[in-house]
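Inside the fold
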Amino acid sequence: MLVLTSLFEIRHVDQLGFSSEIWKEIEVVLKRQNFSTLPHSTCDGLPPIALLQDRDDPRNTLLVTITKNLLTIDFNETSTDDDVTQHRRRAQEIQIKLESVLPSCIIKRTCPLQRGRKIWQYSELGDGRISEDDYTEILFDEKSDYQQITIARSEEFGNVLLLDGLENLSENDNIYTSTLLGLDEGLCFTDKKILILGGGDGAALYELLKRSPAMVTMVEIDEVVIHACREHLRGCCGDSMDKYRGENYEIIIGDCIELLRQYSEEGRKFDYVISDITDIPIEPKNDITSDKTSQVFFSDVNDSIWVFFKQVYKLCLKVTTNDGYLMTHVGASSNKRAIENFERETSKLDKNLKMKYYHKHIPTFEDRWTFCHIKKNTAQKTECEIIDCV
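Digging into the sheet that holds strand S12 (residues 158-163)
Spatial strand order, S10-S11-S12-S13: four strands in an open sheet with antiparallel pairing. The sheet is open, and its two borders are formed by strand S10 (135-143) and strand S13 (166-170), each paired with just one other strand. Neighbouring strand axes in the sheet, compared pairwise and without regard to direction, differ in orientation by 25° on average. In this structure, S12 lies alongside S13, joined through four bridges in antiparallel fashion. Considered in S13, the bridge of Leu-162 is made with Glu-167.

Here's what the structure looks like:
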């Protein structure tokens, strides 16, 4: 049994907003669509919240919320299959009837949302928009000490890694890894020392090991991510994470900031430092008393996230050779605020930086993603270069 939901937005163009008379008109329309109003509290003749039920099937409901100039309706209807045709027609009929009695209002309606399916199909894009996915199977779903780790099968993108419900990488996202590493920019990794922060999907490690580096050190805080990806995301990681140590690579399970501090104290340097940690830093969710100075969790991306990232980038620059690179993803290109924050805050770390930006469309993200390569000691002042690619 599914619940199909259509969301209506009715906006009054008049500054006076909704009145009890207008509500009565709306109520008549809904009742003619077989819905009866349950008791509700009123304010100036308007219900702040009203619930209506289908007289033939009480499981079908309309939840109405009213503010001064905005009225929303959540139309929920049960269904025995995933055919949304009948629900869409009924929602369209409701909209047409409402438009006929509300000439002073603008009425919009979403496409039907499907709830109750075995596999959750909705995710959030980088700027907060909602995306509907095509997952057919859940291959892995486990909660670690840090996050919910899911690998789902997509008809379009292959296997997809999701962390706390956010899409991180799919087997069809080679453009993400190649842009992060600058594989199309002629950068040479042969005989170079490289540090990867995060990267538990193994894609960056896999690509780098093809290029004969001197040594690749990868530090990932969540070992469950590695276990899941080396079993179900081999289209990205290949066999790179089958062992934690090889002739020219090592995988370390730990906190990247602690390791960066250690390397900085030891004077250890890398030709490339690749930051592939999550957009929102994580901490152990089952230990609220732990020291949060190194890992900070934010439920929303905001200015305070730079307390963490500035610390990471500052340490990264300390362990990068004078002619080396710090390479990182920044976030969704549509999230202008995050990009502006990154440029402003990162430029404060060192006046002698050259920052080159890349904007590439990532299939699974359904959005362009921004990456940045930061080179040390190549200019007397901070320079920015933008490469915009479709």
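Observations concerning the packing of aromatic side chains
Under the defined criterion, the tally for this structure stands at 12 aromatic pairs. Taken together, a centroid distance of 6.0 Å and an interplanar angle of 90° make the contact between Phe-35 and Phe-75 edge-to-face. With a gap of 40 residues between them, Phe-35 in strand S2 (residues 35-37) and Phe-75 in strand S5 (residues 70-79) connect regions that are remote in the sequence. Relative accessible area serves as the criterion here: at 0%, Phe-35 is assigned to the buried category. Cation over ring: Arg-268 sits above Tyr-263, and NZ or CZ is 4.4 Å from the ring centre. Sitting over the ring of Tyr-325, Lys-375 keeps its end group 5.1 Å from the ring centre.

Some details on the environment of Asp-201
For Asp-201, the position within the fold is in the loop between strand S14 (193-198) and helix H4 (203-209). For Asp-201, a relative accessible area of 10% corresponds to the buried category. With 27 residues separating them in the primary sequence, Asp-201 and Ala-228 have C-alpha atoms 8.5 Å apart. Non-local contacts of Asp-201, meaning those with residues more than four positions away in its chain, are made with Leu-161, Leu-169, Val-225, Cys-229, Leu-233, Cys-236, Cys-237, Met-241 and Asp-276.

Topic: helix H8 (residues 306-318)
Compared with the 18 Å implied by 1.5 Å per residue over 13 residues, the 18 Å span of H8 between its first and last C-alpha is a close match. Taken residue by residue, H8 has Trp-306, Phe-308, Phe-309, Val-312, Tyr-313, Leu-315, Cys-316 and Leu-317 as its buried positions.

Concerning the pairing of strand S20 (residues 353-362)
Counting buried positions over the 10 residues of S20 gives seven, a clear majority of the element. Judged from the 10 bridges that link them, S20 and strand S21 (residues 367-376) form a sheet pairing that is antiparallel. Across the sheet, the residue bridging to Tyr-357 is Cys-372, located in S21. The turn joining S20 and S21, which pair antiparallel and follow one another in sequence, is formed by four residues; a positive phi near 55° is taken by Glu-366.

Description of the pattern of salt bridges
Under the criterion given, the structure shown has 12 salt bridges. In this structure, Asp-242 engages Arg-234 in a salt bridge whose closest nitrogen and oxygen atoms are separated by 3.0 Å. Classification of Asp-242 by relative accessible area gives partly exposed; the value is 40%. Residue Arg-234 is classed as partly exposed on the basis of its relative accessible area, which comes to 36%. The network of salt bridges with common partners includes Lys-310, Arg-344, Glu-345 and Lys-348.

Regarding the confidence of the model for the chain
Confidence along the chain averages 86 in pLDDT terms, with 86% of residues attaining 70 or more. Here residues 286-301 scores under 50 on pLDDT; set against residues more than four positions off or in separate chains, the count is 29 contacts.

Quick notes on the pairing of S5
Burial within S5 is extensive, with seven of its 10 residues counted as buried. Across 10 bridges, the pairing between strand S1 (residues 2-12) and S5 is antiparallel. Pairing of Thr-5 across the sheet is with Asn-76, part of S5. Pairing analysis gives six bridges linking strand S4 (residues 61-66) to S5, with the strands arranged antiparallel. Directly across from Thr-61, in S5, lies its bridge partner Asn-76. Between the antiparallel neighbours S4 and S5 lie three residues.

Examining the side chain of Thr-364
Among the structural elements, Thr-364 can be located in the loop between S20 and S21. Polar contacts involving the side chain of Thr-364 include one to the side chain of Ser-170, which spans 2.6 Å. At a separation of 2.8 Å, a polar atom in the side chain of Thr-364 contacts the side chain of Asp-173. Every residue in contact with Thr-364, bar those within four places of it in the chain, is listed here: Phe-157, Val-160, Glu-167, Ser-170 and Asp-173.

Let's talk about helix H9 (residues 336-347)
Note that an α-helix has 3.6 residues per turn; residues three or four places apart therefore point the same way. Across its 12 residues, H9 extends 17 Å between first and last C-alpha, which sits within 8% of the 16 Å expected from 1.5 Å per residue. Every buried residue of H9 is accounted for by Ala-338, Ile-339, Asn-341, Phe-342, Glu-345 and Thr-346. The buried residues of H9 occupy an angular sector of 160° when projected down its axis, which confines them to one face. Elements in contact with the buried residues of H9: H8, strand S19 (320-332), S20 and S21.

Side note on the environment of Gly-199
Counting through the fold element by element, Gly-199 comes out in the loop between S14 and H4. Measuring from C-alpha to C-alpha, the distance between Gly-199 and Thr-177 comes to 10.0 Å, with 22 residues separating the pair along the chain. The residues touching Gly-199, leaving out its near neighbours within four places in the chain, are Met-218, Glu-220 and Asp-276.

Analysis parameters
Residues numbered from 1 in each chain as written. Predicted model: local features only at pLDDT ≥ 70, side-chain atom pairs only at ≥ 80, totals over all residues. Heavy atoms only, no water. Pairing = 2+ DSSP bridges. Helix = DSSP H or I, 4+ residues; strand = E, 2+ residues; numbered from the N terminus. Axes fitted to C-alpha atoms, helices over the stretch in contact; angles between N-to-C directions. Phe/Tyr/Trp six-rings, centres within 6.5 Å; stacked < 30°, edge-to-face > 60°. Buried < 20%, exposed > 50% of the residue type's maximum accessible area, 1.4 Å probe, protein only. Lys NZ or Arg CZ within 6 Å of the ring centre and 35° of its normal. Contact = heavy atoms within 4.5 Å. Expected span 1.5 Å × (residues − 1). Salt bridge = Lys/Arg side-chain N within 4 Å of Asp/Glu carboxyl O. pLDDT = per-residue confidence, 0-100. Polar contact = N/O pair within 3.5 Å; in protein donor to acceptor, adjacent residues only side chain to side chain. Arc of directions from axis to C-beta.

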